[in-house]
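Residues per chain, in single letters:
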Amino acid sequence: MTGLSAKNADLIRSSRFRAEREAGWKELDQLVTRTEKAGLPSLRYEEAQKLASLYRQAMNSLSVARSISMDKALLSYLEALCARAYLVVYAPQESIRGIIARLFSHGIPQAVRRSALPLSVGFLAMFLGAVVGYLLYFQDPGWFFTFVPPEMSDGRVPGASYSYLRETLYDSGDRSGETLGVFASFLFSHNTRIAIFIFALGVFATLPSFILTFYNGLLLGAFFAMFAEAGLALDLFAWLSIHGVTELSAICIACAGGAQLGLAVLLPGNLTRREALRAAGRDAVKLIILAGLMLIVAAIVEGFLRQLVQSISLRLMIGWGLGAAWLAWLLLSGRDTGQDKTQTRDTAAS
Amino acid sequence: MTNLAIRISPPEGVPISFRIATGGQRFGAQLLDILITFGGMFLFFLAMIWSGIFDWSLIATLFLLLVFFLRVPYYIFSELVWNGRTIGKRIVKIRVVSADGGRLTPHQITARNLMKEVEVFMPATTILSATVESGWVTFALVIWMLLVLLVPLFNKKRQRLGDMIAGTYVIDQPQSVLLPDLAANGTSQAAGFVFDTVHLEVYGRYELQVLEEILRQKPRTPEAVTRMEDVSKTIQRKIGYAEKVAQGDNWDFLSDFYRQQRQYLESRQLFGDAREDKYHEKTKEPE
C-alpha cells in the first residue's frame, strides 16, 4: 500500500475509483448543464455522441460505486448527475408539428376504430334517450316539462303555436356578425363543459356518462316529438342536422371516452384497475380530443351557418355532408397499408 | 413536509432515485402557471371592462373561451418542449418524469394535463361563471374539487389523478455538487494514527457517513471545536483506543479514523459483509 511512487496507488480503493473517473463525470456535468439550458439541438454531433457514451459510463460508475464505495458525497453526486443526464438523454424527441400531424393522420382515426364497444355505448345512450323521450312525449306531453329545464325551452313548449315554433327554426333575427361569434363561443364553452363532464364522470363505472348522454337524448327526443306534433318534423330535422350531426356525435364520442375509462374500471381483465385505467386512457384521451375538435366545428356551424342558411335541403346537405366527412376521415385515414400520411386532414376546415 | 424518494429504472438497468416534489412546490408552480396563463389576459380584460366598451356577459364568455384555448395547449406544449417543465415548474425547479423509466411520451403529457382540466379548472370555472343556479350542484362541485385537490396529499407518491392515469411523477430537479473526497486528502498527516481491526470492528456505514458530514467543515468557533473534540473522545472510548490523543490532534485523529474505517468497511463489503450500522453484530445473530 505504501512506498509506491504513483500518487493514485496511495489511495484506498474507492478513492482511486473516483480519481480515475472524475474527469469524465465533470465533462458529462458540463454537457448536461449546457443541454439543460439550451436543449439537445445546441450540441454538435460529436458532443451528442460523447453525451451518450459519458452517460452510460456514469451509469456504470454509479452501479459500481453503490457496491464498493461508502463515500456519501460521491454517491449522492453520481446519483444526481445520472438523474440529470437521464432526463436529458431520455427527452421527448418528436417535434410538435410531427406529433400533431401524426395525431390527426393516425392517432385519432386508429383510436376510434379500436373503440367500437365504447362508441356503441355512447351512441346507444343517445339513441335510446331520444327514442324514450319521443315515446314518452306522445304518451303524455307533460313529460316535456320534466325533461327540459324552462330556461332552455325558451317558450318552445307543448301547445306553443305553429308559427312561433316555426319562427324559432328560421328566425334570422337581428344578429350581426359579431354577436354570432360570441354566440358560437358561448355554445362552444357550454358544450365543451358538458362533454368534459360526461367524459370525466365515466371513470365512475361508465354509468354517469351513460345517464348524462341518455338525458341529452331524452331532451332531443322530447323536442323532436313536440315539433313533430306541430307538423314541423322535417324542418326541425334540418335545423338540428346542420350542426347536430357533428355536435351530438361529439357528445356521444365524449361519452364513449368516458365509457372506455369506466369499462376499464368495471372489467379490468387481467390487469389491476389502475393499470387498466392507464391502458384505456390512451384511446380515451384521443376520443376527447376528437370530441373537442368536433365541438369547435359544431359551434362555428351553429353560431354562424344555422342562422344564415335557411333552406331545408341546404341545411341537410351541410350537416350530413360534414358528418360524412368526419366518417371518411375516421374510417379511411391512418390505415397502415399505404404510405399516405397527409390524408384528409382538412375535413374540419369548413 | 419531507421529501419522499422514488426509484426509476432507466433502460440501462441502474435504478436512479428521485425526490418527489413537495405539495408546496407543486402548489407554487401551479400558482405561477395560473398567473402566467390568466394574469396577462385578466389584465387585458379588466382594462376592457374598465373602458366599458363591451357589456359584461360578452366579456365573460370571451374570457372563458380564450382561457380554455390558451390553458390546455400552454401546459401540454410547454411540457413537451421543455421535457416535463412548464414555466412555473422551471422556476420552482420541479419536473415531470415518466414512471416507467422511459422518455415522457406526448400521450402522458396530454393525459395528465387534460385530467387537470377535469380535476380542477372545469369545476372552478363552472362555479365562478355562475351558470349553475342550483346550490346543490355548486356544493357538489366544491366537494369534488376539494377531494381531488387532497388526492396528491394523501397518496405516497403525491400523484394527482392525472399523474395516475398518465403514469407520471413530479420530482425535484436533481442538483449535483461534487464534494472533495475526504479519504484522498487525509494521507499526508504527520500524526499518523493507526487503527487495528479491533478498533474498526465497531462501527458501520451509517456512522461512517455521519462522521463524513462532521469532517466536511473544519470547526472555526471554540464551541464547534469542543463539539468536534467530544466526538473524537466518544469514538476513542467506544472503539477502545488506548493511546493518548493530544488536544490539538483530534481533527487528524478523526480524519485518519475516517479513512481507515472506510477502507476497512469497503473491503468487508467486497467480501459480502455489508455493515449497515453499529448494530451489525446483533442483526446478524438471529440468522
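Residues numbered from 1 in each chain as written. Chains lettered and ligands numbered in written order. Predicted model: local features only at pLDDT ≥ 70, side-chain atom pairs only at ≥ 80, totals over all residues. Heavy atoms only, no water.

Novice: Report on the pattern of salt bridges, specifying residues and quantitative values.
Specialist: Within this structure, the stated rule accounts for 26 salt bridges over all chains. The closest approach of N and O atoms between Glu47(A) and Arg34(A), which form a salt bridge, is 3.0 Å. Pair noted here: Glu47(A) is in helix α2 (residues 45-68) and Arg34(A) is in helix α1 (residues 13-38), with a separation of 13 residues, a long-range link. In this structure, Asp273(B) engages Arg275(B) in a salt bridge whose closest nitrogen and oxygen atoms are separated by 3.1 Å. The same class applies to Asp273(B) as to Arg275(B), namely buried. When salt bridges that share partners are traced, they join Arg18(A), Glu22(A), Lys26(A), Asp71(A), Glu212(B), Arg216(B), Arg262(B) and Glu266(B) into one network. (Salt bridge = Lys/Arg side-chain N within 4 Å of Asp/Glu carboxyl O. Helix = DSSP H or I, 4+ residues; strand = E, 2+ residues; numbered from the N terminus. Buried < 20%, exposed > 50% of the residue type's maximum accessible area, 1.4 Å probe, protein only.)

Novice: Outline the environment of Leu234(A), listing residues and values.
Specialist: Here Leu234(A) shows up in helix α11 (residues 233-266). Residues Leu234(A) and Leu316(A), spaced 82 residues apart in sequence, show a C-alpha to C-alpha distance of 9.8 Å.

Novice: Explain the packing of aromatic side chains to me, and be specific about the residues and the numbers.
Specialist: Residues and elements named next belong to chain A. According to the stated counting rule, one finds 17 aromatic pairs over all chains in the structure shown. Look at Tyr 86 and Tyr 90: their rings are 5.4 Å apart centre to centre, the planes differ by 45 degrees, and that puts the pair in the tilted class. Its relative accessible area of 16% is what places Tyr 90 among the buried residues. Centre to centre, the rings of Trp 326 and Trp 329 are 6.1 Å apart; their planes meet at 45 degrees, and the pair counts as tilted. Highlighted residues: Trp 326 and Trp 329, both in helix α13 (residues 312-332), separated by three residues, approximately one helical turn. (Phe/Tyr/Trp six-rings, centres within 6.5 Å; stacked < 30°, edge-to-face > 60°.)

Novice: Tell me what's going on with the interface of chain A and chain B, and back it up with residues and numbers.
Specialist: Contact with chain A, which involves 65 residues of that partner, is made by 76 residues of chain B. Summed over both sides, the interface of chain A with chain B buries roughly 6,200 Å², with 66% coming from carbon and sulfur. The shortest N-O distance in the salt bridge between Glu213(B) and Lys72(A) comes to 3.2 Å. Connecting chain A to chain B are 21 residue pairs in polar contact (both at pLDDT 80 or more). Looking at the side of chain A that touches chain B, the elements with two or more residues in it are α1, α2, α3 (72-89), α4 (96-114), α9 (177-201) and α12 (273-308) of chain A. Looking at the side of chain A that touches chain B element by element, the count peaks at 13 residues for α3(A). Its residues assigned to classes, the side of chain A that touches chain B comprises 36 nonpolar, nine polar and 20 charged. (Contact = heavy atoms within 4.5 Å. Buried area = accessible area lost by both parts, 1.4 Å probe. Polar contact = N/O pair within 3.5 Å; in protein donor to acceptor, adjacent residues only side chain to side chain. Nonpolar A, V, L, I, M, F, W, Y, C, P; charged D, E, K, R; others polar.)

Novice: Describe the environment of Leu232(A), and please don't skip the residues or the numbers.
Specialist: Residues and elements named next belong to chain A. In this structure, Leu 232 sits in the loop between α10 (207-229) and α11. Accessibility expressed as a relative area gives 0% for Leu 232, which makes it buried. Between the C-alpha atoms of Leu 232 and Tyr 90, which are 142 residues apart in sequence, the distance is 61 Å.

Novice: How would you explain a nonpolar patch on the surface if you had to name every residue and give the values?
Specialist: On the surface, Leu124(A), Phe127(A), Leu128(A), Val131(A), Tyr134(A), Leu135(A) and Phe138(A) cluster together into a nonpolar patch covering about 630 Å² of accessible area. If you trace the backbone, Phe127(A) turns up in helix α5 (residues 116-139). (Patch = residues over 30% accessible without salt bridge, like charges linked within 9 Å, V, L, I, M, F, W, Y side chains within 5 Å. Areas by Shrake-Rupley, 256 points an atom, 1.4 Å probe, with all protein chains shown as cover.)

Novice: Which residues make up the packing of helix α10 (residues 222-239) of chain B against helix α11 (residues 250-270) of chain B, and what values go with them?
Specialist: Residue and element names in this part refer to chain B. Running from amino to carboxyl end, α10 crosses α11 at an angle of 55 degrees, the nearest separation of the two axes being 9 Å. Relative to α11, α10 is oriented oblique. Crossing angle aside, the handedness with which α10 passes α11 is left-handed. Contacts between α10 and α11 involve Met 228, Glu 229, Val 231, Ser 232, Ile 235, Gln 236 and Ile 239 on the former and, on the latter, Asn 250, Trp 251, Phe 253, Leu 254 and Phe 257. Broken down by class, the residue content of the contact of α10 with α11 amounts to eight nonpolar, three polar and one charged. (Axes fitted to C-alpha atoms, helices over the stretch in contact; angles between N-to-C directions. Parallel < 35°, antiparallel > 145°, perpendicular 65-115°, else oblique. Left-handed = near helix turned anticlockwise from the far one by under 90°.)

Novice: An account of α10(B) is requested, with residue identities and associated values reported.
Specialist: Residues and elements named next belong to chain B. Here α10 is 18 residues long and its end C-alpha atoms lie 26 Å apart, about the 26 Å a rise of 1.5 Å per residue gives. Residues Ala 224, Met 228, Glu 229, Ser 232, Ile 235, Gln 236 and Ile 239 constitute the buried set of α10. Buried residues in α10, looked at end-on, bunch into an arc of 140 degrees, giving them a common side. What points out from α10, more than 90 degrees from its buried face, is the exposed set Pro 222, Glu 223, Arg 227 and Arg 237. (Expected span 1.5 Å × (residues − 1). Arc of directions from axis to C-beta.)

Novice: Give a detailed account of a positive patch on the surface, specifying residues and quantitative values.
Specialist: Judged by side-chain charge, Arg274(A), Arg278(A), Lys156(B) and Lys157(B) come together as a positively charged surface patch. Secondary-structure assignment places Arg278(A) in helix α12. Given a relative accessible area of 31%, Arg278(A) falls into the partly exposed group. (Lys, Arg positive; Asp, Glu negative; His and termini not counted. Charge placed at Lys NZ, Arg CZ, Asp CG, Glu CD.)

Novice: Describe unusual backbone geometry, with residues and values.
Specialist: Residues and elements named next belong to chain B. Of note, the phi angle at Asn 83 is positive, near 55 degrees, even though the residue is not glycine. With respect to the helices and strands, Asn 83 occurs in the loop between α2 (56-81) and α3 (87-92). Judged by relative accessible area, Asn 83 falls into the buried class, the value being 8%. Even without being glycine, Lys 93 reaches a positive phi, approximately 65 degrees.

Novice: Which residues make up the confidence of the model for chain A, and what values go with them?
Specialist: All names here are of chain A. Scored by pLDDT, chain A comes out at a mean of 77, with 81% of its residues at no less than 70. When the elements of chain A are averaged for pLDDT, helix α7 (residues 150-153) gives the smallest value, 62, and α2 the largest, 90. Contacts from residues 1-6, a stretch scored under 50 in pLDDT, to residues over four places away or in other chains number six contacts. Low pLDDT, under 50, characterises residues 172-178; the stretch is placed with seven contacts to residues that sit more than four places away or in other chains. (pLDDT = per-residue confidence, 0-100.)

Novice: Outline the nonpolar core, supporting the account with residue identities and numerical values.
Specialist: Here is a general trend for soluble globular proteins: nonpolar side chains tend to be buried in one another's company. Ile108(A), Val112(A), Ile253(A), Leu290(A) and Trp329(A) are the most contacted members of the largest nonpolar core, which has 47 residues in total. Counting residues in each nonpolar core, the second largest holds 37 residues, with Leu28(A), Leu74(A), Leu87(A) and Leu178(B) among its members. (Core = buried A, V, L, I, M, F, W, Y, C linked by side-chain atoms within 4.5 Å.)

Novice: So what's going on with α4(A)? Which residues, and what values?
Specialist: The largest bend along α4(A) measures about 50 degrees and falls at Leu103(A). Among all positions of α4(A), only Ile99(A), Phe104(A), Ser105(A), His106(A), Gly107(A), Ile108(A), Pro109(A), Ala111(A) and Val112(A) are buried. (Bend = angle between axes of the 7 residues up to and from the residue.)

Novice: Describe the packing of α10(A) against α11(A), naming the residues involved and giving the relevant values.
Specialist: Residue and element names in this part refer to chain A. Closest axis-to-axis distance for the α10/α11 pair is 10 Å, and the angle between their directions is 175 degrees. Here α10 is positioned roughly antiparallel relative to α11, judged by the angle of their axes. Contacts from Ser 209, Phe 210, Thr 213, Asn 216, Leu 220, Phe 223, Phe 224, Phe 227 and Ala 228 of α10 reach α11 at Ala 233, Leu 236, Phe 237, Leu 240, Leu 248, Ile 251, Cys 255, Gly 258 and Ala 259. The class makeup of the residues in the contact of α10 with α11 is 14 nonpolar, four polar and no charged.

Novice: Now, about the environment of Arg216(B): what can you tell me, with residues and values included?
Specialist: All names here are of chain B. With respect to the element layout, Arg 216 can be found in the loop between α9 (205-215) and α10. We classify Arg 216 as partly exposed; its relative accessible area is 25%. Polar contacts involving the side chain of Arg 216 include one to the side chain of Glu 212, which spans 2.8 Å.

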